[in-house]
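Below are the chains, spelled out letter by letter.
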Amino acid sequence: MTLIDFFRHFTNALQWGSFYALIALGYSMVYGIMMLFNFAHGDIFMVGAYIGMFISSGLVGLSTLGILVLPGWAILVLTIITCMILTSFVGMAVERIGYRPLRGAPRASAAITGLMIGIILETGNLALLGAQRRKYPELIEKVTYHIGPVNVTNTKFIIVFLSILLMIALHQFIRRTKWGMAMRAMAYDFVVVPLMGVPMNLIAVLTFALGSALAAAAGTFFGIAYPVLEPYMGMIIGWKAFVAAILGGRGSIVGAALAGYLLGFIEIFVAAIFPSTLRDLIAYSIILLILTIRPHGFFGEAYSARLRI
Amino acid sequence: MRTRKSDASGAKTGKSSALRKFGCYLGQIPVLGWLLGSLVAVIIESTLSYPLARSLGLPNIPAIFGLRLVFTKPLLIPSALLFVFIVYAVPIVLVAALTASATNKLSGLLLKKFPMVVPVVIHLVFLYAIMHVWGSINDYRVLMLSFILVSIILTLSLNLVNGYMGEFSCSHPGFMALGAYGCSVLTLIFFVNDDLFGAALLPQAWGPFLFPLCLIGGGIVASLGALVVAIPSFRTRGDYLAIISLAFTFIVKSLIENLEVIGGPRGLMNQPKFAGLPIVFVWMCLCVWVCVNFTRSIIGKAANAVRDNETAADAMTINTRRTKMVTFLLAAFWAGVAGGLFAHIIGYINPSTFGILKLSEVLAMVYLGGLNSVVGSIAGAVGLQFLMEILRPLAMLKWIVIPVLLIIVMIRRPAGLISFTEFKVENIIRPRRKKER
């Protein structure tokens, strides 16, 4: 593999890993704070991508009609922000309908409920919007920069940059604000902290809202990078991001992000070196190996000292 | 204390008492009586009911008790109800009630004088006869029954791991795929002149007799695959095992897609249709028998102990490694058998059948029916498959109704509808004597 190819794969892997990292963050936060797996998260990613498509198509349409003319980058920023807000509402609805009634139930039941909500989202999309694949409108012109012998498109830059920005923003929110402290406290002890006056329901809603917003951002970026959307796109990426979240260690946010990037790197480089049909096989074998050697992920604890219901 | 509705003897009067008396009366009919009644009903349906259906305005004998007509032709619902009442409800209740004393005495006699095998086999023969006659109307019913029986085997095998041992295992589609491919490869090598594997090595006539060996071979392949999941399970539990089993399913699917020698993404076809309804029924009975005995055995109880508290179980001298290994291998074996039967019912398999959708379906069956109970697995499998068939006219909306139903069940009863129940055959087939007047 030449250096040029290596660099190309490297940038691809950074972009691909950004999607996994953003979605895995949602899984990891919900798991760390609420001790349950939200299997509907991949489909929230899909919902975010579709909402982003509708908003950006609408704004682009308004621009061409001359009603509200905005430059491309302004439409992009507006789309991302609005999409994140709207999808966080979807996430909050999912929490309210599916997970709050099951707060005290065994975790497997909540997992099944999540799975079913995911199926409802997928089928609802299919029923409402039809099976035709949708195209994401082009918001920013693709400019290819030539740095020496290598070529990089600006979309990759923007996606990776914005993803890292969002992850840093989340990290700062959790480290420095009062609500972030409340979330960390809930993750530390699920039973006693509500007795100290931390509103459990609000924290749950906030967790889901943040996770869904990140997934929506991932969906919008995915739409920019690969402009074809279909109802089942969340399924495969969602499950792989779930694997990344566990690989990073239970409840660890930094671990989830790192593991997401690692998974992206493994997949892209495996597809580059070996025949691409063997990609899933080898990538998952590597993951199986990592989990056999270090069963609790990168930053997970070998046992949990936390009290659990 | 007398309530308003009681009379001097303390019995409730009014409409509710007639219904109660009827219910009490029906409760005294043993299972053998109900089986006899059902047999008479399906015989009536298969021989005499077509003119009745035509005269009621139905185009043909309704396939699933008229439940699908609710969606396709709602106007025919009254006639379908009448048909079901006349052909099913009346003969079943009549025959069961009239023969109640005879069947009570017979059940009692069989239970007392013969070893347990005899009454069980008699009941199973009746059950199979009912299915056979019911299915003789059209092939669709036979196919549906075969799939239901295969789902029962699959659900039971998953319940062993998820319910009795408490591991959230996502690996069953992988086991089923391994079993289906293993069994199909054996059948294709030995009995079919095929492009992939060359001429048949044995005469086709031997096929139905050696088919059980092929099924067992497929099950063994699936069990060997289960080692990949069982060995990491010694070190981890819970969530990490879920990931390992999920990775296993992806790996199996990817492996099959990449092996051109067994067809790759195009799948395998031309499997001979060895899995008729009697064969599938016999294997289902074997599976229920083995699984019930497993749950009652020491290893089954050890699996329950491992689920409840692994450290305590280890301290109580349970060999947790052996328990996990045996449970995983047994579950994988039966999932493999289910896969092999599935492959030979329709004669075609391809790797995309055994993906995330199949995982969702099989998890739904287990959690709908109930964890840690054999009756729950059977009920969940039958219920979900029936529901999928009944809702078929709704096309895509089927996949909204079924998840909503499952969410409601999960919210109300998080462990499933019929969970943590023992399967006592004696209680099921015992005579229910009339009370002394």
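Residues numbered from 1 in each chain as written. Chains lettered and ligands numbered in written order. Predicted model: local features only at pLDDT ≥ 70, side-chain atom pairs only at ≥ 80, totals over all residues.

Visitor: An account of the overall build of chain A is requested, with residue identities and associated values reported.
Guide: Scanning chain A from N- to C-terminus turns up eleven helices and four strands. Expected size for 309 residues packed as a compact globule is a radius of gyration near 19 Å; at 20 Å, chain A falls within 12% of this value. Looking at chain A as a whole, 50% of its 309 residues are labelled buried. Long-range contacts, defined here as pairs at least 24 residues apart, represent 79% of the contacts in chain A between residues at least 6 apart. (Helix = DSSP H or I, 4+ residues; strand = E, 2+ residues; numbered from the N terminus. Rg over C-alpha atoms; globule rule 2.2 N^0.38 Å. Buried ≥ 20, exposed ≤ 12 C-beta atoms within 10 Å, placed from the backbone. Contact = placed C-beta atoms within 7 Å.)

Visitor: Residues and numbers for the overall build of chain B, please.
Guide: Looking only at helices and strands, chain B has 18 helices and two strands in total. Over its C-alpha atoms chain B spans a radius of gyration of 24 Å, differing by no more than 12% from the 22 Å that the globule rule assigns to 437 residues. Its C-alpha atoms give chain B principal-axis dimensions of about 75 × 60 × 50 Å. Expressed as a percentage of the 437 residues in chain B, the buried residues total 43%. Counting only contacts in chain B whose residues sit at least 6 apart along the sequence, the fraction spanning at least 24 positions is 78%.

Visitor: I'd like a description of the domain arrangement of chain B, backed by residues and values.
Guide: Residue and element names in this part refer to chain B. Domain annotation for chain B reports domain 1 (16-115) and domain 2 (139-427). Each of domain 1 and domain 2 was reduced to a C-alpha centroid, and the two centroids are 32 Å apart. Among the residues forming the side of domain 1 that touches domain 2, the class breakdown is four nonpolar, one polar and one charged. (Domains from an automatic or database assignment. Nonpolar A, V, L, I, M, F, W, Y, C, P; charged D, E, K, R; others polar.)

Visitor: Please set out helix α4 (residues 77-98) of chain B residue by residue, giving values where relevant.
Guide: All names here are of chain B. Relative to the 32 Å expected for 22 residues at 1.5 Å per residue, α4 spans 30 Å between its end C-alpha atoms, a close match to the ideal helical length. The largest bend along α4 measures about 35° and falls at Phe85. Here α4 has its buried residues at Ala80, Phe83, Val87, Ile92, Val95 and Ala96. In this structure, the buried residues of α4 make contact with α2 (31-55), α3 (69-72) and α5 (100-113). (Expected span 1.5 Å × (residues − 1). Bend = angle between axes of the 7 residues up to and from the residue.)

Visitor: Which residues make up unusual backbone geometry, and what values go with them?
Guide: Residues and elements named next belong to chain B. Even without being a glycine, Asn372 presents a positive backbone phi close to 55°. Tracing the backbone through its elements, the reader meets Asn372 in the loop between α15 (356-369) and α16 (374-390). Phi is positive for Phe420, close to 55°, though the residue is something other than glycine. Looking at the element boundaries, Phe420 is found in the loop between α17 (398-412) and α18 (425-429).

Visitor: Pulling in residues and values, what's your account of the interface of chain A and chain B?
Guide: Facing 36 residues of chain A, the contacting portion of chain B comprises 32 residues. When contributions to the side of chain A that touches chain B are tallied by element, the ones reaching two or more residues are α4 (107-129), α9 (233-247) and α11 (279-293) of chain A. Here the residues of the side of chain A that touches chain B are counted per class, giving 25 nonpolar, nine polar and two charged.

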